[in-house]
Amino acid sequence: MAKKANNALIETFAEFKETKNIDRSTLVSVLEESFRSVIAKMQGSDENYDVIVNPDKGDFEIYRNRTVVEDGEVTDPNMQISLSEAQQIADDYEVGEDVSEPVDFSKFGRRAILTLRQTLASKILELEHDALYNKYKEKVGEIISAEVYQVWHKEVLLLDEEGNELLLPKNEQIPGDFFRKGEPARAVVARVDNSTGNPKIILSRTSPVFLQRLLEGEVPEIAEGIIAVRKIARIPGDRAKIAVESFDDRIDPVGACVGVRGSRVHGIVRELRGENLDVIQWSNNPQILIARALGPAEINSINLDLESKHCEVYLNPDQVSLAIGKGGMNIRLASMLTDTVIDVYRELPEGEEDELEDDIHLDDFRDEIDDWVIDELKKNGWTTARSVLEAPREMLVQKADLEEETVDEVLRILRQEFADEEAPEGGAPAEI
């Protein structure tokens, strides 16, 4: 009966090992350590015990080693054995010799077996967590495919091929992402949180790294190192700008990434829920890079302060809207791509400058209009009082993302400066 209990105990954790894919030698080591831990608690010391785990047979053996002493001189029954008792095992034992005898672990009692189970479960769970952490720590930055297991409001739970749980938080999902249970989903391993000892694998579909890995999979020249992705700026689900560089003068990096009629990015765009991709050529010259990042707008000149990473970009009026983009998206991406704060300014062609002689820069109204309001207007290309007055009221509300009451107050203040001029409400649309 004791032998069966011992075998059942080993089989339990052998099955656990197979299920959790724990290395055999590691499991054997943990089993030995667990047995020794229980023996030390029960006997006070495990130094004189030999523990042998046989994973092939699925059982174990424990031997206790004691020194033979004269009858009546046993002071520690765990470490010593009397001569008469030793000679019952073998009649040729003498004082001073070591006696090794098998130990039936079940005789330690049910408490010892329960303690062993708990110790093993705890240690193996710890090993499992360590293995999971190490496995996915090495996968950070890699794309993986996993099965959607549960969809919640704030996150999606996925399972990898080994049944490990992976989390895709809402803020790491692309707007427009829709997941169904049982379907595969692709994402990049963003990070592994192990602060509690129970690893949480966090995935991301909004990370620039996700887009970079997709490009590496579609563009052989990137995977081979002929073309390098220098920087990616994304507004997930809407638009992204990608700066690339070729190490082979014969290869156009932009054309190679896009492919004939966009063939190399079609699949990526679908994966990113229709996110538009702008690929530009990288330059170590920051002014050239800024000009390219603001494409398709044509730049007249750039005034760049490298220390503050702030630049003023001057364009013809009809190019301002292109530089800013819908909802300010183009200029935001350009700023992200170049790590620069970009302000755009209208610049009239030579001979037409006199039209601005009676205009006033918005910065001159900071004592009457909140700074953040002026900054929002300038961000969208309205840098002077007349440029604001000429813009439709609805456009000011939508593009600058201002409350209607705020826009009305701004227009009132600006009109006061031109009270002697006729400025009909709303004005003519400005080309921005």
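Since this is a predicted model, take the numbers as computed values, not measurements.

## Let's talk about the overall build of the chain
Here's step 1: Looking only at helices and strands, one finds 15 helices and 15 strands in the chain.
Here's step 2: By residue count, 42% of the 432 residues in the chain fall in the buried class.
Here's step 3: For the chain, the proportion of contacts with a sequence separation of at least 24, taken over those separated by at least 6, is 57%.
Here's step 4: Here the chain has roughly 23,900 Å² of accessible surface; of this, 46% comes from carbon and sulfur atoms.

## Focus on the nonpolar core
The nonpolar side chains of soluble globular proteins are, as a tendency, buried together.
Here's step 1: Of all hydrophobic cores here, the largest spans 24 residues; its most connected members are I290, L294, C311, V313, I342 and V344.
Here's step 2: At the level of elements, strand 10 (227-235), helix 9 (286-293), strand 13 (301-305), strand 14 (310-315), helix 10 (317-324), helix 11 (329-338) and strand 15 (341-346) are the ones that each hand at least two residues to this core.
Here's step 3: Not counting residues up to four positions away in its chain, the partners in contact with V313 are I290, L294, I299, S301, I302, I342, D343, V344 and Y345.
Here's step 4: The next biggest cluster of nonpolar side chains, apart from the first, holds 22 residues, and it includes L362, I374, V388 and F418.

## Notes on unusual backbone geometry
In most cases, non-glycine residues show a negative phi, while peptide bonds are predominantly trans.
Here's step 1: With omega at 15°, the peptide bond leading from G295 into P296 counts as cis.
Here's step 2: Counting through the fold element by element, P296 comes out in the loop between helix 9 and strand 13.
Here's step 3: Phi at R273 takes a positive value of approximately 60°, unusual for a residue other than glycine.
Here's step 4: Counting through the fold element by element, R273 comes out in the loop between helix 8 (266-271) and strand 12 (276-281).
Here's step 5: According to the relative accessible area criterion, R273 is partly exposed, its value standing at 37%.
Here's step 6: Of note, the phi angle at K309 is positive, near 55°, even though the residue is not glycine.

## Regarding the environment of S301
Here's step 1: Mapped onto the secondary structure, S301 falls in strand 13.
Here's step 2: A residue is classified by how much of its surface remains accessible, and S301, at 31% relative accessible area, is partly exposed.
Here's step 3: Distance from S301 to E347, taken between C-alpha atoms, is 9.5 Å for residues 46 residues apart in sequence.
Here's step 4: Not counting residues up to four positions away in its chain, the partners in contact with S301 are E312, V313, Y314 and E347.

## A short note on the packing of helix 2 (residues 24-43) against helix 4 (residues 110-137)
Here's step 1: Two numbers describe how helix 2 lies on helix 4: the axes approach to 9 Å, and their chain directions differ by 140°. In terms of orientation, helix 2 and helix 4 fall into the oblique class. As helix 2 packs across helix 4, the resulting crossing turns out to be right-handed. Residue-level inspection shows T26, L27, V30, L31, E33, S34, F35, V38, K41 and M42 of helix 2 in contact with helix 4, the latter providing A112, T115, L116, T119, L120, K123, I124 and L127.

Conventions and cut-offs
Residues numbered from 1 in each chain as written. Predicted model: local features only at pLDDT ≥ 70, side-chain atom pairs only at ≥ 80, totals over all residues. Heavy atoms only, no water. Helix = DSSP H or I, 4+ residues; strand = E, 2+ residues; numbered from the N terminus. Buried < 20%, exposed > 50% of the residue type's maximum accessible area, 1.4 Å probe, protein only. Contact = heavy atoms within 4.5 Å. Areas by Shrake-Rupley, 256 points an atom, 1.4 Å probe, with all protein chains shown as cover. Core = buried A, V, L, I, M, F, W, Y, C linked by side-chain atoms within 4.5 Å. Axes fitted to C-alpha atoms, helices over the stretch in contact; angles between N-to-C directions. Parallel < 35°, antiparallel > 145°, perpendicular 65-115°, else oblique. Left-handed = near helix turned anticlockwise from the far one by under 90°.

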